[in-house]
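Residues per chain are reported as follows:
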Amino acid sequence: QVQLVESGGGLVQAGGSLRLSCAASGRTFGSYHMGWFRQAPGKEREFVAAISWSGSSTDYADSVKGRFTISRDYAKNTVYLQMNSLKPEDTAVYYCAAGQGSYAIVRVRHNFDYWGQGTQVTVSS
C-alpha cells in the first residue's frame, strides 16, 4: 500500500513558476514508477509527466515539454514537478500517481495503482 500526498499548488500569474511535491509513504517508493496527471473542469484526466522507478527515464506530454521537469528524491520518498513558464491552460487539479506496470505505457492512467488527493494549480492571464 502506498499513500501519496501532494502539495505546492496555488495561484500564479502567467509566466510564473510553481513546484509541486508528492510525498509517498512506505518503504517501497523506489520500486514504483511515478507520474503526474492533471484534470481541468469538464475535461478528462490527462498525462503530464512520469519518471521510472530507477529515475533513469522521464516522459512528458508535448504540451509541457521544455517547461516542466519531473524528479524524485529517494531519501525523502518524494517526487517533484517543477513547472516554469506557466500558461492559463495549465490550470487544473494536479494528481500524483504511483504504479508498477510497464513503463512503456506510463502515459496510460490505468497503469497507475495509487493516487493522491490532488492539488489545485491556477494560472491567471
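My aim in this report is to walk through the structure given alongside it, one point at a time. (Residues numbered from 1 in each chain as written. Predicted model: local features only at pLDDT ≥ 70, side-chain atom pairs only at ≥ 80, totals over all residues. Heavy atoms only, no water.)

### Some remarks on the pattern of salt bridges
Using the criterion set out here, one finds six salt bridges in the structure. Asp 59 serves as the salt-bridge partner of Arg 107, at 2.8 Å between the closest nitrogen and oxygen. Of this pair, Arg 107 sits in the loop between β9 (92-99) and β10 (114-115) while Asp 59 sits in strand β6 (residues 58-60); the two residues are 48 residues apart in sequence, bridging distant segments of the chain. We classify Arg 107 as partly exposed; its relative accessible area is 40%. If you follow the salt bridges from partner to partner, you end up with Arg 38, Glu 46, Arg 67 and Asp 90 in one network. (Salt bridge = Lys/Arg side-chain N within 4 Å of Asp/Glu carboxyl O. Helix = DSSP H or I, 4+ residues; strand = E, 2+ residues; numbered from the N terminus. Buried < 20%, exposed > 50% of the residue type's maximum accessible area, 1.4 Å probe, protein only.)

### Describing the sheet that holds strand β7 (residues 68-73)
Strand pairing in a sheet takes place through backbone hydrogen bonds and is either antiparallel or parallel in direction. One open sheet accounts for four strands, arranged β1-β3-β8-β7; its pairing is antiparallel. The sheet is open, and its two edges are formed by β1 (4-7) and β7, each paired on a single side. Geometrically, the sheet is characterised by an average inter-axis angle of 15 degrees between neighbouring strands, direction not taken into account. Direction of pairing for strand β3 (residues 18-24) relative to strand β8 (residues 78-83): antiparallel, over a ladder of six bridges. When the sheet's bridge partners are listed, Leu 18 is paired in β8 with Met 83. (Pairing = 2+ DSSP bridges. Axes fitted to C-alpha atoms, helices over the stretch in contact; angles between N-to-C directions.)

### Things to note about the packing of aromatic side chains
In the structure shown here, the tally under the stated rule is six aromatic pairs. Relative to Tyr 74, the ring of Phe 29 lies with its centre 6.0 Å away and its plane at 65 degrees, an arrangement referred to as edge-to-face. Of this pair, Phe 29 sits in the loop between β3 and β4 (33-39) while Tyr 74 is found in the loop between β7 and β8, placing the two residues 45 residues apart along the sequence. These aromatic residues form a ring-pair network of at least three members: Phe 37, Phe 47, Phe 112 and Trp 115. The ring of Tyr 95 has Arg 45 sitting right over it, with the charged end atom 3.7 Å from the ring centre. The residue whose ring lies beneath Arg 45 is Trp 115, and the NZ or CZ to ring-centre distance is 5.0 Å. (Phe/Tyr/Trp six-rings, centres within 6.5 Å; stacked < 30°, edge-to-face > 60°. Lys NZ or Arg CZ within 6 Å of the ring centre and 35° of its normal.)

### A short note on unusual backbone geometry
If you check the backbone angles, Asn 77 has positive phi at about 50 degrees while not being a glycine. With respect to the secondary-structure elements, Asn 77 resides in the loop between β7 and β8.

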